[in-house]
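For reference, the chains in residue letters:
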Amino acid sequence: MNSGDDNTGADASVEVVNPWEERKDRGRVAALLSTVALLATSPRGFFGGTRVDAGWWGPLLFAGLVGMLGVLLDGLVLFVLAMTLPDATLELVTRMELLGETADLSGLEGNPLLARIVPLIGLQLLLLSLPFVFVLSLLGPLISAGFLHLLLIVTRSPRPQGFRGTWVAACYAAVAFLLRAIPVAGDVLAIVGSAGLFAIGLHAIQGIKASKAALLAAILPLLLFLGAILEILLAATRA
């Protein structure tokens, strides 16, 4: 078992190799892009070729990077929209991005110079916040893996790979948060996609029945959706 850096690659007997485990040989950027592509096209094969005993840091680093890239891409898309869309359309998009919160554009009306400067300032602030976003992105897989592994224990589900297997599945499932870059629907697609990949990972790594893995992986996103809806309803009643 290699408890250190996971750069040794998958076993030779595995047909599909996890590219992120070969990032020293491939280069980190190439390995990251290959891993994202493989998870998008063949997630079952990807998880089947992932070495659970290859170390803790590698999967966590991947989750942090894709989480940070998801926020960056989302910010870049919003920046482009802010520079190109008419004010009325931009306000509608911003409202939907913020789950119904009103976008305060009143100070920008009639001032085209200020309207151009504000998105640039926002983009600069986003770039400065990326290290903080990276650290926060490391917490998501930990919370998700801990919650779901507790469910596995409570439901007496098979977990031959222990918490590490659940952890690995959660970290690589975070790749779905790149979907945040899609305007309006990106956040929802990211949560749903992450839950789907998490279920596939549990099925492939822990050997859990596919239907049960899907059900367990959907519980936390469902709680998040219910919490968001409740918050919107409470905000509406206070308005």
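Calculation notes
- Residues numbered from 1 in each chain as written.
- Predicted model: local features only at pLDDT ≥ 70, side-chain atom pairs only at ≥ 80, totals over all residues.
- Heavy atoms only, no water.
- Core = buried A, V, L, I, M, F, W, Y, C linked by side-chain atoms within 4.5 Å.
- Buried < 20%, exposed > 50% of the residue type's maximum accessible area, 1.4 Å probe, protein only.
- Helix = DSSP H or I, 4+ residues; strand = E, 2+ residues; numbered from the N terminus.
- Contact = heavy atoms within 4.5 Å.
- Salt bridge = Lys/Arg side-chain N within 4 Å of Asp/Glu carboxyl O.
- Axes fitted to C-alpha atoms, helices over the stretch in contact; angles between N-to-C directions.
- Parallel < 35°, antiparallel > 145°, perpendicular 65-115°, else oblique.
- Left-handed = near helix turned anticlockwise from the far one by under 90°.
- Nonpolar A, V, L, I, M, F, W, Y, C, P; charged D, E, K, R; others polar.

Chemist: Please explain the nonpolar core as it appears in this structure.
Modeler: For soluble globular proteins, the rule of thumb is that nonpolar side chains tend to be buried together. Phe62, Tyr172 and Phe198 are the most contacted members of the largest nonpolar core, which totals 47 residues. Looking at this core, the elements with two or more residues in it are helix H2 (28–41), helix H3 (43–48), helix H4 (57–84), helix H6 (112–154), helix H7 (162–173), helix H8 (186–205) and helix H9 (210–238). When residues of this core are assigned to their parent elements, the largest contribution, 10 residues, is made by H6. If near-sequence neighbours (up to four positions away) are discounted, phenylalanine 62 is found in contact with Trp20, Leu32, Thr35, Val36, Leu39, Cys171, Tyr172 and Val175.

Chemist: Before we go on, may I ask you to explain the pattern of salt bridges in this structure?
Modeler: Side chains bearing opposite charge may pair, as long as their charged atoms lie close to each other. For the coordinates displayed, the defined rule picks out four salt bridges. Between aspartate 74 and arginine 180 there is a salt bridge whose closest N-O contact spans 4.0 Å. A residue pair is termed long-range when its members are at least 10 positions apart, and aspartate 74 in helix H4 and arginine 180 in the loop between H7 and H8 qualify at 106 residues. Measuring nitrogen to oxygen at the nearest pair gives 3.3 Å for the salt bridge that ties arginine 180 to aspartate 187. Counted as one network, the salt bridges with shared partners bring together Asp74, Arg180 and Asp187.

Chemist: Quick question: what am I supposed to make of the packing of H8 against H9 here?
Modeler: Between two packed helices, the angle of one axis relative to the other and the distance separating the axes together describe the packing. Packing of H8 against H9 leaves a shortest axis separation of 8 Å and a crossing angle of 150°. The orientation of H8 relative to H9 falls into the category roughly antiparallel. For the crossing formed where H8 meets H9, the hand is right-handed. Between H8, through Val188, Ile191, Val192, Ala195, Phe198, Ala199, Leu202 and His203, and H9, the contact on the second element is made entirely by Ala210, Ala213, Ala214, Ala217, Pro221 and Phe225. Of the residues that constitute the contact of H8 with H9, the class distribution is 13 nonpolar, one polar and no charged.

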